[in-house]
Number of protein chains: 2
Amino acid sequence: MNAPGVTDTRGRIIDTAVRLFTRHSYAGTSLQMIADELSVTKAALYYHFHTREELLTAVVEPVLGPLRTIIEAAEAQRTPHARAEHLLAGYAALAVRNRAVISVLAADPGVTDVLLTQRDLGDLISRQVRLLADVDRGPSGQIKAALVLGGIAVAVAPRLIDLDDDVLLQHLVEAGRRTLGLRTPRRATHNAAPSQTGPP
Amino acid sequence: MNAPGVTDTRGRIIDTAVRLFTRHSYAGTSLQMIADELSVTKAALYYHFHTREELLTAVVEPVLGPLRTIIEAAEAQRTPHARAEHLLAGYAALAVRNRAVISVLAADPGVTDVLLTQRDLGDLISRQVRLLADVDRGPSGQIKAALVLGGIAVAVAPRLIDLDDDVLLQHLVEAGRRTLGLRTPRRATHNAAPSQTGPP
């Protein structure tokens, strides 16, 4: 484990990077801008991150890791409806918990550019689309899947809607179900983002 | 009117800019990169655009102009449903006709950053959200509106879905209606955004 001071600085760099990425985009944010915002030297920044891409990885990994887990768990469900429901509820909850990072990840072309070549982002996106699209095969299902995934990413953007996370999540999942033609699972009433859709 | 050669160069600069913006984001694209891609000097580029922001305006104005017209026409409709239907069909058709520019406009934080302060983008976005959200007042309507507008912008992104424009448009409008709870209008068959799903 790092000394507390080191960990704090690393965390503060990541938080500042996310804030500047959402405001100026990834390509529009230099390491110098992040150092200035934190009132540290560029050398202090280099101690933690040697390149901007290393920093980007540190920013997105806390979202990409859980996303992989949600996708795998969704793929393990038995029916197309259960798979779509699991992905929708899990993705929406992840997006609401990480509103800024999801915007960076889903919307910034400079980020997609880097992550599509270097990481498994392309694979994760295709699997998400497939999980939602399989409820209604053909172009209609694909388009509804893209609309829901893209729509959630945009709707959680910090500037757009000023609502409590719980309310936002509940309505996002409901709107997504409606678009995709999924029934509300019975056990959803006591759970904001149910990941379990028991026997139908 | 400009001499044909001048107009062509201007058009080629704009097309190249859109392509590079969608790939590297606006902030990640320099005038030098655009000049290199076109094999012209930076001076030749300066003859048409003095700053990157001037170029961005030239890129987005062909979409922002028609968008203003669609919003005004939608606002003039009598009922909340008719207003939402008009905006949805018009926005989806505009997005499909301008797939690359819509991605730049709706998704790139660096672009929003510039346009929110310099142009009426913020006003246009609020009016669009209001037109769709008024069908179902309260947070649920707002969230569905954001999901549909954001979802359409992401779903038309050139890389995501490989479908004909007509098919894409038809399914986007249908998915949007479904999310918003709009009935398919009878007269939509001869309209720009047809809901025609003829015999299978």
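Keep in mind the model is a prediction, meaning the values are calculated, not measured.

Draft legend 1. Focus on the UniProt feature "DNA-binding region" (unreviewed entry) in chain A. The UniProt record annotates "DNA-binding region" (unreviewed entry) at residues 30–49 of chain A. End C-alpha atoms of residues 30–49 of chain A are separated by 12 Å, and the span's content is 75% helix alongside 0% strand.

Draft legend 2. Quick peek at helix H2 (residues 31–38) of chain A. Residue and element names in this part refer to chain A. Along H2, the residues that are buried comprise Leu 31, Ile 34, Ala 35 and Leu 38. Buried residues along H2 cover an arc of 100° about the axis, so they all sit on one side. Once H2 ends, the next one or two residues include Ser 39, with phi positive near 55°.

Draft legend 3. Region of the structure containing the packing of aromatic side chains. All names here are of chain A. Under the criterion given, the structure shown has 2 aromatic pairs over all chains. Between Phe 21 and Tyr 26, the ring centres sit 5.2 Å apart and the planes meet at 90°, which makes this aromatic pair edge-to-face. Comparing Phe 21 with Tyr 26, the two get one shared label, buried. Across the ring face of Tyr 26, the terminal group of Arg 52 is positioned such that the distance to the ring centre comes to 4.4 Å.

Draft legend 4. Broad picture of the interface of chain A and chain B. Contacts between the two partners involve 41 residues from chain A and, on the opposite side, 41 residues from chain B. Between chain A and chain B lies a buried interface of about 3200 Å² when both sides are counted; carbon and sulfur atoms form 71% of it. Looking only at chain A, the three residues that lose the most surface to chain B are Ile143(A), Leu147(A) and Arg178(A), adding up to 20% of its buried area. Applying the counting criterion to the chain A and chain B interface returns 0 salt bridges. Inspection of the region where chain A meets chain B yields 4 residue pairs in polar contact (both at pLDDT 80 or more).

Draft legend 5. Broad picture of the relation of the copies chain A and chain B. Here chain A sits on chain B after a turn of 180° about the axis and a move of 0.1 Å along it, with an RMSD of 0.1 Å. Here the copies are linked by what is in effect a two-fold axis. No C-alpha of chain A approaches the rotation axis more nearly than that of Gly151(A), which lies at 1.8 Å. The share of interface residues of chain A whose copies in chain B are also at the interface is 100%, consistent with both copies meeting through the same surface.

Draft legend 6. Molecular detail of the environment of Tyr46(A). Positionally, Tyr46(A) belongs in helix H3 (residues 42–48). A sequence separation of 11 residues divides Tyr46(A) from Ala35(A), and the C-alpha atoms of the two residues are 9.7 Å apart.

Draft legend 7. Spotlight on the pattern of salt bridges. Inspection of every chain in the model, using the stated rule, returns 16 salt bridges over all chains. Ionic pairing is found between Glu85(B) and Arg177(B), a salt bridge with its closest N-O pair at 2.8 Å. Of this pair, Glu85(B) sits in helix H5 (residues 80–97) while Arg177(B) sits in helix H10 (residues 165–180); the two residues are 92 residues apart in sequence, bridging distant segments of the chain. The class of Glu85(B) is buried, set by a relative accessible area of 14%. The buried category is assigned to Arg177(B), whose relative accessible area is 2%. A single salt-bridge network, built from bridges that share partners, covers Glu61(A), Arg68(A) and Asp120(A).

Conventions and cut-offs
- Residues numbered from 1 in each chain as written.
- Chains lettered and ligands numbered in written order.
- Predicted model: local features only at pLDDT ≥ 70, side-chain atom pairs only at ≥ 80, totals over all residues.
- Heavy atoms only, no water.
- UniProt positions renumbered as here; feature names shortened; annotations may be inferred.
- Helix = DSSP H or I, 4+ residues; strand = E, 2+ residues; numbered from the N terminus.
- Buried < 20%, exposed > 50% of the residue type's maximum accessible area, 1.4 Å probe, protein only.
- Arc of directions from axis to C-beta.
- Phe/Tyr/Trp six-rings, centres within 6.5 Å; stacked < 30°, edge-to-face > 60°.
- Lys NZ or Arg CZ within 6 Å of the ring centre and 35° of its normal.
- Contact = heavy atoms within 4.5 Å.
- Buried area = accessible area lost by both parts, 1.4 Å probe.
- Salt bridge = Lys/Arg side-chain N within 4 Å of Asp/Glu carboxyl O.
- Polar contact = N/O pair within 3.5 Å; in protein donor to acceptor, adjacent residues only side chain to side chain.
- Least-squares fit on C-alpha atoms with pLDDT ≥ 70 in both.

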